[in-house]
Amino acid sequence: MIQTVKLAKLVLSDINVRTRGEDLIEQFAADISARGILQNLVVASVKKPRGSYGVIAGSRRFRALKLLAERGEINEAEYDVPVLILTGGNDELSEASLAENFHHLNMSPADECRAFQHCLGQGGDIDAVAKRFGITRRFVEGRLRLANLAEPIFEALKSGAMTLDMAKAYASTESHERQLMVWNSYGANSYHASADTIRRVIANESMKSTDPVARLVGEEAYVAAGGIVDRDLFSDNGDRWTNPEIAQALAAAAMEAEAKRIGEERGLAWIRPVASNSTWEAARGLFHVHLPSLPLTEAQTIRISEIEARLSIVSLEMEDEDLEEEAWQALDAEHDALSDELRDAGRREKILPPELAPRVGLFLTLSQDGSMELGDTYYSETPLSVTMVEPDEGDEDAAETGEGDAEDETAGDAAPRTPTFRIEEGETGTITGNTKEVAPDEAAPGGKALSQVLLDQLSVQRRDVLGASMIANPALALDYMLFAMVDKTDIMSDSCGTTIRASHPEDPVRYDAYPKSVAHDYLAEVREGLDASWTEHKSMIERFDAFRALDDEVKAAWLAWTVAKSFKAKETYSHRQNALQNHLAGLLEVDVAKWWRPTSENFFDRVPKGALLSLLDEVGGPALSGRHASQKKGEISTSCEKLFAGDAVIEADVKEKALAWVPAAMRFTPAETTTDQDEGDEAGETGEASAPDDAEDDLASLIDAALTGPDDGDDGENVSIDDEHTGESDDDQQIDDGSPAVYGDDDAVSEWAEAAE
């Protein structure tokens, strides 16, 4: 049964599960002041003070009432509070408090928005509603804006498919047209966009009210000209002006009027308004005019000497370790003040000669706060050089003739004569005041420098002309390509002028961090044997001409070595083998075992003992692995190195297997065989030329044709890149182990490889 109890008889119970926090008591107090208590409190009697009741549910209402009482709006002793009085133990009362708070459900954002809309109706008093609910006018306007969202967007909010923050982003504009434009782009895929993204897209074609142009124009003038302001009710980023073109037109008119006034007042050639604080783009094509400075006066020179002398004394005194802190602080302050004064004293005023004013101009810019600022850097439309002529320079002739002595004697201490200026055209002034000539290839007819954009465009078109001309001369193109790949003489200075490169691959380990092999040493020896006489020339052009003069076989050797050193060890971030490299290995019939043998250093010491025993079992069976099972890993590793190098005394079949074995990581896994390849293999078995040999002959022919140009009568038969043709068959020209010839005589390579093993 609901009863009433005087507010003075109520206290907050410790049993109440809701603790104090940021729970909008001010807002609640305003609502109770306007409407009174709409829902009763739940209380239970307490022993002390006698006759009082503890509030176990409704603590926010209770605190709001106490706040009104403190303000004098209600009288605690007389104000009746509707309550429901419960009885029972503390456990039961605590559970009742929990139930009352736990089952409380807030309104959905959509229901809250439509409720405010209903309360206000048509033309309701927003301020009155805000006061009754203890909230701001902006909060009410924001809820009304949300209630007026375009229908599909509001339905998404109502159904819970859209968060309140996302709805606020759409409601940053009142325009249903712009809301739906963004909704149609992002609505179906809202997980791709955040509330900030939606807000930025909506604001793309508008202007912030804090924009310098907006601040210059002012909202009143903007609205009077027909502009619309979109109030942003959900952020502190400022309102949006939806008609930026109106604001820009008003700002342009204001700045042009001010520029005209300043130009007439100063007598300058022009004042150009720029609605920004940057003049970089506007100044392109203009020339910076460096004005001369007035010399320091005698008083300035004396004062600078005094300051420098005093600074030296102060610095020495501050180095005294026994100096009191207070005295040190005073000296430090004096040092800072003198330094500032010295900087100001050294500034010399720039002089604008009257005869120069009609030929130069300034920029009128817009600061961030919307105020117009006149720049202090002068520009001209033609390059100008200004030099000050000292007054005494014009007196040399007079001194030689003796004229002017009487005038000097009577003049006494008369004021110094005004300096004159020499103004010259045709030179570009630099920041230091020196002059800089325009390079011939950067100058337009008449000597004026071309713009950087035009120079860039012309350079690209010139490049295309060179490329089109190169198409007809493949031999020169091949020489140029090879030279660009192999020339490393001036890699830090000159450029070959092409994107063609043959840089070394980025290996996963350092050059000195892996054991070397027969293949590694052979590559180094090949490099030493290459004809590098052309690299001795200092000039790139001289090196290129010397390279072109090399024999075709020498160029082919450079090509082979360059390609050999270009292979990547592995795919980036992966240990997967490269399929094309494996295919190349198949075409070359690479026998890895002839170029690399496992040793203790490069393999056996790097794997577990169990792996070594398994390997021995693989090549020699249980009998071989059993012999080493009881040995230590180091002993097994040493034995394996001898066995797999062919140095161990063992059965012939076991030795053959050991000499042929390489780990899987060293093998070139063959690509899947196609039908054409199978047919080619069959042809090879019947005595026709093998596919690898045909490929090598074809490549050699192509390179030879490119290097020598048009056919000069050579029949083209028996052409080889790698060595001089001896008339022997292809099989005779291959290394005994099946590896391809890379450089020089094939038999010599085979002998070298065997010796290196």
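Residues numbered from 1 in each chain as written. Predicted model: local features only at pLDDT ≥ 70, side-chain atom pairs only at ≥ 80, totals over all residues. Heavy atoms only, no water.

(A) Structural view of the overall build of the protein chain. Helix and strand counts for the protein chain stand at 30 helices and 17 strands. Sequence separation of at least 24 residues holds for 69% of the intrachain contacts in the protein chain that already meet a minimum separation of 6. Total accessible area computed for the protein chain in this model is approximately 47,400 Å², and 51% of it derives from carbon and sulfur atoms. (Helix = DSSP H or I, 4+ residues; strand = E, 2+ residues; numbered from the N terminus. Contact = heavy atoms within 4.5 Å. Areas by Shrake-Rupley, 256 points an atom, 1.4 Å probe, with all protein chains shown as cover.)

(B) Representation of the side chain of serine 206 in the model. Here serine 206 shows up in the loop between helix 10 (195-203) and strand 6 (207-208). Taking relative accessible area as the criterion, serine 206 reaches 12% and is therefore assigned buried. Among the polar contacts made by the side chain of serine 206, one reaches the side chain of arginine 240 at a distance of 3.0 Å. Once residues lying within four places of it in the same chain are set aside, the contact partners of serine 206 are Arg178, Arg240, Trp241, Thr242 and Pro244. (Buried < 20%, exposed > 50% of the residue type's maximum accessible area, 1.4 Å probe, protein only. Polar contact = N/O pair within 3.5 Å; in protein donor to acceptor, adjacent residues only side chain to side chain.)

(C) Representation of the sheet that holds strand 6 within the structure. Read from one edge to the other, the open sheet built from three strands follows the order 6-8-7, with strand pairing classed as antiparallel. This sheet does not close on itself; its edge strands, each paired only once, are strand 6 and strand 7 (229-230). The pairing of strand 6 with strand 8 (residues 240-241) spans two bridges and is antiparallel. By the bridge assignment, methionine 207 is partnered in strand 8 with tryptophan 241. (Pairing = 2+ DSSP bridges.)

(D) The arrangement of unusual backbone geometry in detail. Here the bond from lysine 48 into proline 49 is cis, since omega is -15°, no more than 30 degrees from zero. By the element assignment, proline 49 lies in the loop between strand 3 (41-45) and strand 4 (53-57). Of note in this structure, glutamate 589 is not a glycine but carries a positive phi near 50°. With respect to the element layout, glutamate 589 can be found in the loop between helix 23 (579-588) and helix 24 (592-595). The partly exposed category is assigned to glutamate 589, whose relative accessible area is 47%.

(E) How the structure looks around the sheet that holds strand 5 (residues 80-85). Taken in spatial order, the five strands line up as 1-5-3-4-2 in an open sheet, and their pairing is mixed. The sheet is open, and its two edges are formed by strand 1 (2-6) and strand 2 (10-12), each paired on a single side. Across the sheet, the mean angle from the axis of one strand to that of its neighbour is 55°, orientation sign disregarded. Direction of pairing for strand 1 relative to strand 5: antiparallel, over a ladder of five bridges. The residue of strand 5 that forms the bridge with isoleucine 2 is leucine 84. Relative to strand 2, helix 2 (residues 59-70) is tilted by about 120°, and along the sheet it contacts strand 2, strand 3, strand 4 and strand 5. (Axes fitted to C-alpha atoms, helices over the stretch in contact; angles between N-to-C directions.)

(F) The arrangement of the pairing of strand 11 (residues 361-366) in detail. Counting buried positions along strand 11 gives six out of six residues, so the element sits mostly inside the fold. Where strand 9 (residues 270-273) meets strand 11, four bridges bridge the pair, whose relative direction is parallel. In the sheet register, isoleucine 271 faces strand 11, and the bridge partner there is leucine 362. For strand 11 and strand 12 (residues 372-374), the ladder comprises three bridges, and the chain directions are antiparallel. Looking at strand 12, one finds that leucine 366 is bridged to methionine 372. Hairpin connection from strand 11 to strand 12: five residues lie between these consecutive antiparallel strands, with glycine 370 at a positive phi of about 90°.

(G) Quick look at the confidence of the model for the protein chain. Of all residues in the protein chain, 74% attain a pLDDT of 70 or more, and the chain-wide mean is 76. Counted against residues more than four places away or in other chains, residues 393-414, with its pLDDT under 50, gives two contacts. Scored below 50 in pLDDT, residues 673-692 makes seven contacts in the model with residues more than four places away or belonging to other chains. (pLDDT = per-residue confidence, 0-100.)

(H) Local environment of the packing of aromatic side chains. Inspection of the entire model under this criterion finds 11 aromatic pairs. Note on tyrosine 222 and tryptophan 241: the rings are 4.1 Å apart at their centroids and 10° apart in plane angle, and the pair reads as stacked. Residue tyrosine 222 is found in helix 12 (residues 219-224), and its partner tryptophan 241 is found in strand 8; the two are separated by 19 residues along the sequence. Per residue, the accessibility class of tyrosine 222 equals that of tryptophan 241, and both read buried. Aromatic rings pair up to connect Phe603, Phe604, Phe644 and Trp661 into one cluster. Across from the ring centre of phenylalanine 154, 3.8 Å away, lies the NZ or CZ of arginine 114, which sits over that ring. Sitting over the face of the ring of tryptophan 270, arginine 272 holds its NZ or CZ atom 4.2 Å from the ring centroid. (Phe/Tyr/Trp six-rings, centres within 6.5 Å; stacked < 30°, edge-to-face > 60°. Lys NZ or Arg CZ within 6 Å of the ring centre and 35° of its normal.)

(I) Fine view of the packing of helix 25 (residues 609-628) against helix 26 (residues 633-645). Where helix 25 contacts helix 26, the two axes come as close as 11 Å, and the packing angle between them is 65°. In this structure, helix 25 meets helix 26 at a crossing whose hand is left-handed. Between helix 25 and helix 26, the contacting residues are Lys609, Leu612, Leu613, Leu615, Leu616, Val619, Leu624 and His628 on the first element and Lys633, Ile636, Ser637, Ser639, Cys640, Leu643 and Phe644 on the second. Considering only residue class, the contact of helix 25 with helix 26 consists of 10 nonpolar, three polar and two charged. (Left-handed = near helix turned anticlockwise from the far one by under 90°. Nonpolar A, V, L, I, M, F, W, Y, C, P; charged D, E, K, R; others polar.)

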